[in-house]
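Commentary on secondary and tertiary structure
Listed here are the chains, written in short residue letters.
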Amino acid sequence: MPVVFPAAEPPFERFSGSGKKRALTWNELEEQVQQFAQRYRGQVVQLSPPELAVALQELSELTQALALAAHLAEGCESSSLPTAIPAEAEPEMAWTKADPSWRDLERVISLQSQLLFFPLELQSLTAVPLGEPAAETPQEREDRPSDPLAAACAEPELRPFRQFLCRLLQQRGHQQPEPLECLLHQQYPTGRLAWRQLWQVTLNSPAALPEHTLVQLQSLQTHASAEIRWVAYQRLVQHLEAHADLGGFILSTLIRDHLWEAQWRGYDSAAELYLARQGLTQTFLENLLEGIRDRLDLFQRYYRLKSRNMGRSIRICDLHAPWGDPVPPLTSAEATSLIWAALQDFCPECAAQAKPWLLEVGSAIEADKPNRAAGAAFRPGETEFSPRSRETGSGGSELLLKTLATLSRRLRPEDPQVWLDLEEMQGSSALLPRAWGVQAHTVFLQQILLDHLVASAVGSPRMGRPALYDPEGQTAPQRWRERSGSLQLAQALLIHHLEAQLQAVFYQSLISRLELLLYRSGIPEWENGVTYSSWVSEEWLKLCQELCGDAVELLPEHQFYWVGMPELFLHPFSAYQASLASLVALACHRRYHRFSAQLLPHYLRWLASPPGSLTLEETTQLLQADLSDPGGVLQALEELEHWIETLEKLLEENPDH
């Protein structure tokens, strides 16, 4: 019998197929979930491809509404770490059922459990093909597809949901009967979610951090003052150290639970369990990490360069310290002119597609400018570990980066959210798997813009021709033309780009390596007073020392940073996606410079493909960015090496350096 919730009516938005938003109350959402279940339970096998497409679209809309409800229940909009609980709330009560946000999360999970039948019935499509009756003649039985779910993946009407269907196909055989699956959902609030809530509240409550939030302390690590960076770092690590034992206990509890679920579902490891949901294997992840590990010298080379130019050694708390010449701010018209000129250099067809968006995007970002201080490295709720935490730069580069990020999402929207697993339902969309493709496209466009700026700065005849397009239909002003070729702008954007990619590729890969180690080791027993938290701290420090070498001073306090990593606690085996997005973009850009005539048709075909229609493997093949073995990863990292060399040359061109 469906659970009937009280008539509390906190409205939240639902996104319909038309893209319009309207308020939807809890009672309305519950009614729509029940109607969906009444229409389709036991009927999935009889749906024709067009009917299945309609059902999947409706399921996608319900999933988006549930995800938004979960975000609002946690009091966060786009944060990786949920915001702190109100000061008047008792910290020890924030994760109990007495808390309204906890009750709302229970609602979300209960409603989602009523939809579980749909993906489970899809996975069990082995008896008859889609749209066919159960009764069939011997000849029909011989002629019908051996795997109707695989056949559904090839149906034209189902292209926007093909990625989702392929993942169901890959996970087939690991799902359990619906009563057991529902039981797992029902136990979630008192199991894994309870421990996660305790971890989040402990780290973020005003009682624990009365003076600064975690986000404020982390954002201060981009401050221009080395002393302020140091003080903020010390305060942060002291806070993490104070909660290391509790964090270790919670992490070990979660790991036991994840290992149990992997065994229960018949996977060889917890990594296989979580990666299968994204259409990947543990072998793919290990090859990715092996290739990255072979080029740790690139991380060290960049920070030696930064150390020389700053005239001081780089500590681990100085990784994001600002450096380079300040750049005057750009206007919206100048930013869009620069981007359009860069796209013209890259691909006139792509520039033509982007042109209608430029005026709208530039105007919207210009209007938002007063709401954001120039140079802010972290948005509310973001952390140093978030893949998108370095999305904006400083000075004149910030508007360029924001415009590019928005344009990227317009040219190639995100894949539809047909279904979210429990780990995905809780926490930020910045860490969700579906965002990696958009992030890869944004990084790729950043490199296209860098091509144009660098070529303009050094006077290359191949690129950097003056732009003829202005959003208002006027010739670009001479002031812009001079600025487009400035070394300062090229350097500023390139510094941002390199630090963001080094963070995404190398630092995030350390988190993935730590996860593999933790899950392979299980929960060992130690002697001589060693605790789980001290063991994790020691292993994390070893990984960081390998990354930093002698280029970055690794402070001993850094051993406690794992306590504040949302990837470990909220989204197991998600950290690799930041590395993956950057490497795909680097590999694609390298291919473009070597074989532009071959790549451009593939790139335009990828842009035109419906979101959700391509698997990861198909996307990387289409963009000619194969990362299935360490060799492909090393080729992508050669492009990162090229950008480091480019920065070295630009610094030589600048007489101030």
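In this text, all values refer to a predicted model and were calculated from it rather than measured experimentally. (Residues numbered from 1 in each chain as written. Predicted model: local features only at pLDDT ≥ 70, side-chain atom pairs only at ≥ 80, totals over all residues. Heavy atoms only, no water.)

Side note on the overall build of the protein
A tally of regular secondary structure across the protein gives 28 helices and 2 strands. For the protein, the proportion of its 657 residues judged to be buried stands at 58%. Pairs at least 24 apart in sequence give 78% of the contacts found in the protein among residues at least 6 apart. Taken as a whole, the protein presents about 26000 Å² of accessible surface, with 53% of it coming from carbon and sulfur. (Helix = DSSP H or I, 4+ residues; strand = E, 2+ residues; numbered from the N terminus. Buried < 20%, exposed > 50% of the residue type's maximum accessible area, 1.4 Å probe, protein only. Contact = heavy atoms within 4.5 Å. Areas by Shrake-Rupley, 256 points an atom, 1.4 Å probe, with all protein chains shown as cover.)

Quick word on helix 25 (residues 576-594)
Over its 19 residues, helix 25 runs 27 Å from end to end, which matches the ideal 27 Å to within 8%, given 1.5 Å per residue. Counting buried positions along helix 25 yields 16 of 19 residues, so the element is predominantly enclosed. (Expected span 1.5 Å × (residues − 1).)

With respect to the packing of helix 15 (residues 296-310) against helix 23 (residues 532-548)
One can describe the packing of helix 15 onto helix 23 by two numbers: an axis separation of 7 Å at closest approach and a directional angle of 65°. It follows that helix 15 is roughly perpendicular to helix 23 by the angle criterion. Contact residues: Leu296, Phe299 and Gln300 in helix 15; Glu546, Leu547 and Cys548 in helix 23. The residue makeup of the contact of helix 15 with helix 23, split by class, is 4 nonpolar, 1 polar and 1 charged. (Axes fitted to C-alpha atoms, helices over the stretch in contact; angles between N-to-C directions. Parallel < 35°, antiparallel > 145°, perpendicular 65-115°, else oblique. Nonpolar A, V, L, I, M, F, W, Y, C, P; charged D, E, K, R; others polar.)

Examining the packing of aromatic side chains
Counting across every chain of the model gives 23 aromatic pairs. The interplanar angle of 75° and the centroid separation of 6.1 Å between the aromatic rings of Phe117 and Phe118 together place this pair among those described as edge-to-face. Of the two residues, Phe117 and Phe118, neither departs from the other in class, the shared state being buried. Ring plane angle 40° and centroid distance 5.4 Å describe the contact between Phe444 and Tyr603, whose orientation is recorded as tilted. Here Phe444, found in helix 20 (residues 436-458), pairs with Tyr603, found in helix 26 (residues 596-608); they are 159 residues apart in sequence, far enough to count as distant. Residue placement shows Arg277 over the ring face of Tyr274; its charged tip is 5.0 Å from the ring centre. (Phe/Tyr/Trp six-rings, centres within 6.5 Å; stacked < 30°, edge-to-face > 60°. Lys NZ or Arg CZ within 6 Å of the ring centre and 35° of its normal.)

Considering the nonpolar core
With 141 residues, the main nonpolar core has Phe346, Phe506, Trp540, Trp562 and Leu583 as its most contacted residues. Ignoring anything within four residues of it in the chain, the contact list for Trp562 reads Ala244, Gly247, Gly248, Leu251, Leu514, Ser533, Val536, Ser537, Trp540, Leu568 and Phe569. If you look at the next biggest cluster of nonpolar residues, it comprises 49 residues, including Trp102, Val108, Leu115 and Ala152. (Core = buried A, V, L, I, M, F, W, Y, C linked by side-chain atoms within 4.5 Å.)

Points about the environment of Trp606
One can find Trp606 in helix 26. By relative accessible area, Trp606 is classed as buried at 6%. A C-alpha to C-alpha distance of 8.6 Å links Trp606 and Arg412, two positions 194 residues apart in sequence. Those residues in contact with Trp606, other than ones at most four positions away along the chain, are Arg412, Gly437, His441, Leu614, Thr619, Leu622 and Leu623.

A closer look at the packing of helix 15 against helix 28 (residues 630-653)
Orientation of helix 15 relative to helix 28, taken along the N-to-C sense of each, is 15°, at an axis distance of 10 Å. The orientation of helix 15 with respect to helix 28, classified from their angle, is roughly parallel. Like other packed secondary-structure pairs, helix 15 and helix 28 cross with a definite hand, here left-handed. Of the residues in helix 28, those in contact with Leu298, Arg301, Tyr302, Leu305 and Asn309 of helix 15 are Leu637, Leu640, Glu641, Ile644, Glu645, Leu647, Glu648 and Leu651. Partitioning the contact of helix 15 with helix 28 into residue classes produces 8 nonpolar, 1 polar and 4 charged. (Left-handed = near helix turned anticlockwise from the far one by under 90°.)

Considerations on empty space enclosed by the protein
Within this structure, the stated rule accounts for 9 cavities of 30 Å³ or more. Space inside the largest cavity adds up to approximately 660 Å³. Contributing to the lining of the largest cavity are 38 residues, with Gln171, Arg277, Trp419, Leu420 and Asp421 lying nearest its centre. Of all the secondary structure elements, the ones that give two or more residues to the lining of the largest cavity are helix 4 (117-123), helix 7 (162-171), helix 8 (178-187), helix 12 (244-265) and helix 19 (422-425). It is helix 7 that provides the largest number of residues to the lining of the largest cavity, a total of 5 residues. Grouping the constituent residues of the lining of the largest cavity by class yields 17 nonpolar, 10 polar and 11 charged. (1 Å grid on protein atoms, 1.4 Å probe; cavity = no way out; pocket = protein on both sides within 12 Å on 5 of 7 lines; lining within 4 Å. Points joined across faces, edges and corners; volume = space filled by probe spheres on them.)

What to know about the side chain of Gln282
Within the secondary structure, Gln282 is located in helix 14 (residues 282-293). Polar side-chain contacts of Gln282 include one of 2.5 Å to the side chain of Ser269. When sequence neighbours within four positions are dropped, the list of residues in contact with Gln282 reads Ser269, Ala271, Glu272, Leu275, Leu516 and Arg520. (Polar contact = N/O pair within 3.5 Å; in protein donor to acceptor, adjacent residues only side chain to side chain.)

Some remarks on the confidence of the model for the protein
Looking at the protein as a whole, its pLDDT mean stands at 79, while 77% of the residues score no less than 70. Across residues 1-19, confidence stays below pLDDT 50; counting only partners more than four residues off in sequence or on other chains, it has 50 contacts. The model gives residues 75-100 a pLDDT under 50, and that stretch makes 52 contacts with residues more than four places away or in other chains. (pLDDT = per-residue confidence, 0-100.)

Focus: unusual backbone geometry
Located in the positive-phi region is Phe573, a residue other than glycine, with phi close to 55°. Even without a glycine there, the phi angle at Gln624 is positive, about 55°. Its location among the elements puts Gln624 in the loop between helix 27 (616-622) and helix 28.

Quick word on the side chain of Ser509
By secondary structure assignment, the location of Ser509 is in helix 22 (residues 487-521). Apart from residues lying up to four places away in sequence, Ser509 is in contact with Leu289, Ile292, Ala504 and Ser579.

What about the pattern of salt bridges?
A full pass over the atoms with the stated rule returns 29 salt bridges. Glu181 is paired through a salt bridge with Arg265; the nearest N and O atoms lie 2.7 Å apart. Placement of Glu181 in helix 8 and of Arg265 in helix 12 is noted, with a sequence separation of 84 residues between them. Each member of the pair Glu181 and Arg265 is classed as buried. Here Arg295 and Glu641 are joined by a salt bridge, their closest N and O atoms 3.5 Å apart. Of this pair, Arg295 sits in the loop between helix 14 and helix 15 while Glu641 sits in helix 28, and the two are 346 residues apart along the sequence. (Salt bridge = Lys/Arg side-chain N within 4 Å of Asp/Glu carboxyl O.)

Notes on the state of the cysteines
The full count for this structure, using the stated rule, is 0 disulfides. Cysteine Cys347 is unpaired, with the sulfur of Cys350 as its nearest cysteine sulfur at 5.4 Å. Classification of Cys347 as buried rests on a relative accessible area of 0%. (Disulfide = S-S within 2.5 Å.)

A word on the environment of Asp629
Among the structural elements, Asp629 can be located in the loop between helix 27 and helix 28. Residue Asp629 is classed as partly exposed on the basis of its relative accessible area of 34%. Here Gly631 takes part through its backbone nitrogen, which lies 2.8 Å from a polar atom of the side chain of Asp629.

Quick notes on the environment of Leu72
Looking at the secondary structure, you find Leu72 in helix 2 (residues 49-74). What makes Leu72 partly exposed here is its relative accessible area of 45%.

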